[in-house]
Amino acid sequence: MAKVTGSIVSTQKDASLVGRKLMIVQPINSDGSPVRCQEVAADTVGAGIGEYVLLVRGAGARRASKLENGLRDVNDCAIVGIIDRFDQ
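From a predicted model like this one, the values you see are computed outputs, not experimental measurements.

Asker: How would you sum up the overall build of the protein? Please name residues and give values.
Answerer: Within the protein one finds one helix and five strands. Sequence-ordered secondary structure for the protein, helices as α and strands as β, is β-β-β-β-α-β. The burial tally for the protein puts 32% of its 88 residues in the buried class. Across the protein, every contact between residues at least 6 apart in sequence was considered, and the portion connecting residues at least 24 apart equals 56%. A total of about 5500 Å² of accessible surface is found on the protein, and carbon and sulfur atoms cover 49% of it.

Asker: How would you summarise the nonpolar core if you had to cite specific residues and measurements?
Answerer: Ala2, Val4, Met23, Val25, Ala41, Ala47, Val53, Leu55, Cys77 and Ile79 form the largest nonpolar core, which has ten residues in total. If near-sequence neighbours (up to four positions away) are discounted, Leu55 is found in contact with Ala2, Val25, Ala41, Cys77, Ala78 and Ile79.

Asker: Quick rundown of the environment of Met23? Include the residues and the values.
Answerer: Mapped onto the secondary structure, Met23 falls in strand S2 (residues 21-27). C-alpha of Met23 to C-alpha of Ala47: the two residues are 24 residues apart in sequence and 8.5 Å apart in space. When near neighbours in sequence (up to four residues on either side) are disregarded, Met23 contacts Val4, Gly6, Ser7, Glu39, Val40, Ala41, Asp43, Ala47, Gly48, Ile49 and Ile79.

Asker: Explain the pairing of strand S4 (residues 52-57) to me, using residue names and the numbers behind them.
Answerer: By the bridge criterion, two bridges tie strand S1 (residues 2-8) to S4 in an arrangement that is antiparallel. Each residue of the ladder has a partner; that of Lys3, found in S4, is Tyr52. As judged from the five bridges shared by S4 and strand S5 (residues 77-82), these two strands associate in the antiparallel manner. The partner of Leu55 across the bridge, within S5, is Ile79.

Asker: Now, about the sheet that holds S1: what can you tell me, with residues and values included?
Answerer: Sheet architecture is closed into a barrel: five strands sit in the order S1-S2-S3-S5-S4, paired in mixed fashion. Each strand of the sheet is rotated relative to its neighbour by a mean of 55°, with strand direction disregarded. Where strand S3 (residues 39-43) meets S5, two bridges bridge the pair, whose relative direction is parallel. Directly across from Asp43, in S5, lies its bridge partner Ile79.

Each value, and the rule that gives it
- Residues numbered from 1 in each chain as written.
- Predicted model: local features only at pLDDT ≥ 70, side-chain atom pairs only at ≥ 80, totals over all residues.
- Heavy atoms only, no water.
- Helix = DSSP H or I, 4+ residues; strand = E, 2+ residues; numbered from the N terminus.
- Buried < 20%, exposed > 50% of the residue type's maximum accessible area, 1.4 Å probe, protein only.
- Contact = heavy atoms within 4.5 Å.
- Areas by Shrake-Rupley, 256 points an atom, 1.4 Å probe, with all protein chains shown as cover.
- Core = buried A, V, L, I, M, F, W, Y, C linked by side-chain atoms within 4.5 Å.
- Pairing = 2+ DSSP bridges.
- Axes fitted to C-alpha atoms, helices over the stretch in contact; angles between N-to-C directions.

In structure tokens:
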């Protein structure tokens, strides 16, 4: 889980990232407290700044994005869901 804190603009990047929205995310625990450092995630669901989101990493992140022309995917972190609420 993470909170979206900003976005990234990059004009020069790997071809597999062209046209993808890159967001700065702060990983959180179940209490909403920050854990680890901020990182960049490719957004697959249209998340906005301030929203809480679900992240996947590694092979899951690469499979979350649909690539055309057989391009390899260099993505290692993807936003795959927007959290509506936390129930504890």
